[in-house]
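# Working through the structure, step by step
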Amino acid sequence: MATTQTTQAARAAEQAELAGTIRVAVPEHSLRTDIRAASIVWRRELIRFQRDRLRAVTSLIQPLLFLLVLGTGLSALAQASMPPGIDFKTFIYPGVLAMSVLFTAIFSAASIVWDREFGFLREMLVAPVSRASIVIGKCFGGATIATMQGLIMLALAGLAGVPYNPMLLLILTGEMLLLAFTLTAFGVMMAARITQFQAFMALTQMLVMPLFFLSGALYPLHGLPTWLSVLTRLDPLTYVVGPMRYAVLSHLPLDPAAVSALSPSITWAGWPVPIMLSLGIVLVMGLAMMGVAIATFSKTE
Amino acid sequence: MTGHGSGGLAAQRVANGHREPAIKVAGLTKKYGEIEAVRGIDFEVPVGETFGFLGPNGAGKSTTIKMLCTLARPTSGSARVAGHEVTAERDAVRRNIGLVFQDTTLDNYLTGAQNLRFHAALYGVPPAAVEPRMRQVLEMVGLWERRDSVVMTYSGGMKRRLEIARGLLHAPHVLFLDEPTVGLDPQTRASIWEYIGELKSREDITIFLTTHYMDEAEHCDRIAIIDHGKIVAIDTPEALKASVGKDRVQIHTADDQAAIAELGREFGIEAAVHEGAVTFSVSSGEQFVPRLFAGMSVPIKSVSVSRPTLDDVFMSYTGSTIRDAEASGADQMRQMAAAFRGRR
């Protein structure tokens, strides 16, 4: 209470100084204000990621379990069908990278539902900016932190016998970024419609594991029964995990026959899908889902 | 950056000294399905006034504020805020108003300063003005020293103050406060009113607030009493109290029903039970009390006489005290909430 007087004195002094309040002329809505809005939404994701170290650590556990426990446990069985010079852990490593991106991206989108329940979404939605800028900021924010989470996993490449080749790391980072963007866009699209946190988590949990298992993260995509073969082609994750695995294997001292046996091209009715098209599909899906999310948010309130 | 948005208002202010009111509402209604939450209200708030909407929960206060803030579309009627039409010029209205909601809309994981910077960027506050303006509003609400603490560590009162500071950050022409002190302890409520008072002395701002606390409505220049979606009275607190012109007498008796009957028979007074006591109004309470004791056969346990308060004003215009109205309004609220959820 003793401070009350001093603050009051300070306040009186400032009163004179602030007599002319700082005039703020809020500008008209323009592309520039929208970009600024998108970038602050993006920055908020980064600040929150930075602050939540515990989440970054706990998000590592599941991918590490797959890589180290499942990878090691199954290696005796799997090694029989592996060409010499490649570990089963190396084989599943790209899938595990995708998995860590998957969890973080979905979790980041879940924060929209969380924000809605705690009211902060309202602060964003009542602002005089286009809803598109908020959704775009959110998608890129989620993509950035999911990629950062992937980078932590990427730093552990040595555990899986993957070389720290700069070119390889660059390619994998780019592919993770693409995957992270599309998955966040998917999550944001869902979060635009699902207003309850419990329901959102239940639904994503129901989707995350099938997405992962159908992506070919744990097995090569050839010689599969037709039903499974069809399902893997419908999973967007497939179109990133395939190129990621190809990148890893082609940077190992393996003969081309072994690479194409372990990382066969994704085929549509026998036609091999080029890697760039495969990645392009993922990008287009991401953009389309972001578009749906923007449309949904623009309609509310 | 010569925006029409803020330029429009500036132009009106210059125009031969005749200022357009900060808020102008005509025939405004809002229906949620079958339920009419707001049934045709009209009022004007001149620039610089603190205007209060007083009524029980479910009377239509929040719905009205939502329409004025462009968060809900009126079913019919028109509303202009800060010189712009709420439906046709949504963004222009939003740029010129500050909002403090009943429920918190802060990011608990960010610091106070980060919450404000976020707001500044969304509202396009010029980057050079952000830090000085932020300091100004944070000092006004006494949170400058705590600006780098995460909001999660703030008390309820601090959060509300931070929201008020944030609502002011972009220097709005009209500040909307929806139940600014609900859920706060009496001491914090008093301090919030202190900040609002200080704010009025510093900034050229119109304040529109809703409350269901009678004592708080006294802080307003003018108040509108709203009940069942209609404005039943609108004036300064003093004028409203004077209009009642009667003292309120409450008595506790051994038999309330008998007392009510006897009051009617002996004195021609209509009394009713409110808040657990037999309540009625008479023109001069002190002089009536001796006559009361002389004329009543029902034993009286205690008696209290009070000068007209806004409670009495509310009672004389709506026929019930605000607390009674809230008890019966609760049903209606639930209905409305259900109808609202159904729409989404």
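Residues numbered from 1 in each chain as written. Chains lettered and ligands numbered in written order. Predicted model: local features only at pLDDT ≥ 70, side-chain atom pairs only at ≥ 80, totals over all residues.

A tally of helices and strands in chain A yields twelve helices and two strands. In chain A, the succession of α and β elements from N to C terminus is α-α-α-α-α-α-α-α-α-α-α-β-β-α. In terms of its C-alpha atoms, chain A occupies a principal-axis envelope of roughly 80 × 45 × 35 Å. In chain A, which comprises 301 residues, the share counted as buried stands at 42%. Partitioning the intrachain contacts of chain A with sequence separation of at least 6 by distance along the chain shows that 83% fall at a separation of at least 24. (Helix = DSSP H or I, 4+ residues; strand = E, 2+ residues; numbered from the N terminus. Buried ≥ 20, exposed ≤ 12 C-beta atoms within 10 Å, placed from the backbone. Contact = placed C-beta atoms within 7 Å.)

Here the focus is the overall build of chain B. When helices and strands are tallied, chain B shows 13 helices and 14 strands. Looking at chain B residue by residue over its 344 residues, the buried ones come to 44%.

We note that the domain assignment places domain 1 (4-236) and domain 2 (246-307) within chain B. In this structure, domain 1 of chain B and domain 2 of chain B have C-alpha centres spaced 42 Å apart. (Domains from an automatic or database assignment.)

Here we take up the pairing of strand β7 (residues 174-178) of chain B. All names here are of chain B. Summarising burial for β7: five of the five residues are buried, a large majority. One ladder, built from four bridges, connects strand β6 (residues 97-100) with β7; its direction is parallel. Bridge pairing in β7 places leucine 99 opposite phenylalanine 176. In this fold, β7 hands off to helix α7 (residues 186-202), which returns the chain to strand β8 (residues 206-211); that crossover is right-handed. (Pairing = 2+ DSSP bridges. Right-handed = clockwise from strand over helix to strand, strands pointing away.)

Residue and element names in this part refer to chain B. Pairing within the open sheet is mixed, and its six strands lie in the order β6-β7-β8-β3-β9-β10. Each end of this open sheet is capped by a strand with a single partner; those strands are β6 and β10 (230-235). When the angles between neighbouring strand axes are averaged without regard to direction, this sheet yields 15 degrees. Two strands pair when backbone bridges link them, and strand β3 (residues 50-54) and strand β9 (residues 222-227) are joined in this way by four bridges, in the parallel orientation. Looking at β9, one finds that glycine 52 is bridged to isoleucine 223. Where helix α6 (residues 156-168) meets the sheet, its contacts fall on β6 and β7, and the angle it forms with β6 comes to roughly 165 degrees. (Axes fitted to C-alpha atoms, helices over the stretch in contact; angles between N-to-C directions.)

The next point concerns the nonpolar core. In a soluble, globular protein the nonpolar side chains are often hidden away together inside. In this structure, Ala98 of chain A together with Ala165 and Phe176 of chain B are the most contacted members of the largest nonpolar core, which totals 152 residues. With 18 residues, helix α4 (residues 88-117) of chain A is the largest single contributor of residues to this core. Here alanine 165 of chain B is in contact with Leu116, Val137, Leu138, Met140, Val141 and Leu143 of chain B, once residues within four sequence places are set aside. Among the nonpolar cores identified, the runner-up in size contains eight residues, and Ala259, Leu263, Val278 and Phe280 of chain B belong to it. (Core = buried A, V, L, I, M, F, W, Y, C linked by C-beta atoms within 7 Å.)

The next thing to look at is helix α10 (residues 238-250) of chain A. Residues and elements named next belong to chain A. Under the 1.5 Å per step criterion, the end-to-end length of α10 is 18 Å for 13 residues, consistent within 8% with the ideal 18 Å. Burial within α10 is extensive, with twelve of its 13 residues counted as buried. Where α10 is concerned, the buried positions are Thr238, Tyr239, Val240, Val241, Gly242, Pro243, Met244, Arg245, Tyr246, Ala247, Val248 and Leu249. Buried residues in α10 make contact with α4, α7 (166-193), α9 (226-234), α11 (256-262) and α12 (275-299). (Expected span 1.5 Å × (residues − 1).)

Moving on: the sheet that holds strand β12 (residues 272-274) of chain B. Residues and elements named next belong to chain B. Taken together, four strands build an open sheet; the order of strands is β12-β13-β11-β14 and the sheet is antiparallel. Looking at the sheet topology across the chains shown, the edges are occupied by β12 and β14 (300-306). The average undirected angle you get between the axes of adjacent strands in this sheet is 35 degrees. As defined by bridge partners, strand β11 (residues 247-253) adjoins strand β13 (residues 277-282) across five bridges and the pair is classed as antiparallel. Bridge pairing links arginine 248 to serine 281 in β13.

Right, let's get into the packing of helix α3 (residues 53-79) of chain A against helix α6 (residues 131-155) of chain A. Residues and elements named next belong to chain A. In contact at an axis separation of 11 Å, α3 and α6 are set at 60 degrees when each is read in the N-to-C sense. Relative to α6, α3 is oriented oblique. The interaxial crossing formed by α3 with α6 has right-handed handedness. Side by side, α3 and α6 meet where Ala56, Ser59, Leu60 and Pro63 of the first sit next to Gln149, Ile152 and Met153 of the second. When grouped by side-chain class, the residues that make up the contact of α3 with α6 number five nonpolar, two polar and no charged. (Parallel < 35°, antiparallel > 145°, perpendicular 65-115°, else oblique. Left-handed = near helix turned anticlockwise from the far one by under 90°. Nonpolar A, V, L, I, M, F, W, Y, C, P; charged D, E, K, R; others polar.)

All names here are of chain A. An ideal rise of 1.5 Å per residue puts 36 Å on 25 residues; α12 measures up with 37 Å between its terminal C-alpha atoms. What α12 keeps buried is the set Leu279, Val282, Gly286, Met289, Met290, Ala293, Ile294 and Phe297. Against α6, α7 and α10 lie the buried residues of α12.

Further remarks concern the environment of methionine 148 of chain A. Residue position: methionine 148 of chain A is located in helix α6. Separated by 112 residues in the primary sequence, methionine 148 of chain A and arginine 36 of chain A place their C-alpha atoms 22 Å from one another.

Right, let's talk about unusual backbone geometry for a bit. Residues and elements named next belong to chain B. One non-glycine residue, threonine 70, lies in the positive phi region at around 70 degrees. Tracing the backbone shows threonine 70 in the loop between α2 (61-68) and β4 (76-81). Non-glycine residue glutamate 275 carries a positive phi angle of around 50 degrees.

Residues and elements named next belong to chain A. Contact geometry for α4 and helix α8 (residues 197-213): axes closest at 10 Å, N-to-C directions at 165 degrees. Our classification of the angle between α4 and α8 gives roughly antiparallel. The handedness of the crossing between α4 and α8 comes out as right-handed. On α8, the residues that touch Met99, Leu102, Ile106, Ala110, Val113, Trp114 and Glu117 of α4 are Phe197, Phe200, Met201, Thr204, Val208, Leu211 and Phe212. The residue inventory of the contact of α4 with α8, partitioned by class, reads twelve nonpolar, one polar and one charged.

This brings us to the confidence of the model for chain A. Caution applies to low-pLDDT regions: their predicted coordinates should not be interpreted in detail. All names here are of chain A. For chain A, per-residue confidence averages 87 on the pLDDT scale, and residues scoring 70 or more make up 91% of the total. Note on residues 1-7: pLDDT under 50 across the span, and zero contacts to partners over four residues away in sequence or across chains. Here residues 9-20 scores under 50 on pLDDT; set against residues more than four positions off or in separate chains, the count is two contacts. (pLDDT = per-residue confidence, 0-100.)

Residue and element names in this part refer to chain B. Turning to its location among the elements, proline 46 is positioned in the loop between β2 (35-45) and β3. For proline 46, a count of 15 C-beta atoms within 10 Å corresponds to the partly exposed category. Residues proline 46 and glutamate 131 lie 85 residues apart in sequence; the distance between their C-alpha atoms is 31 Å.

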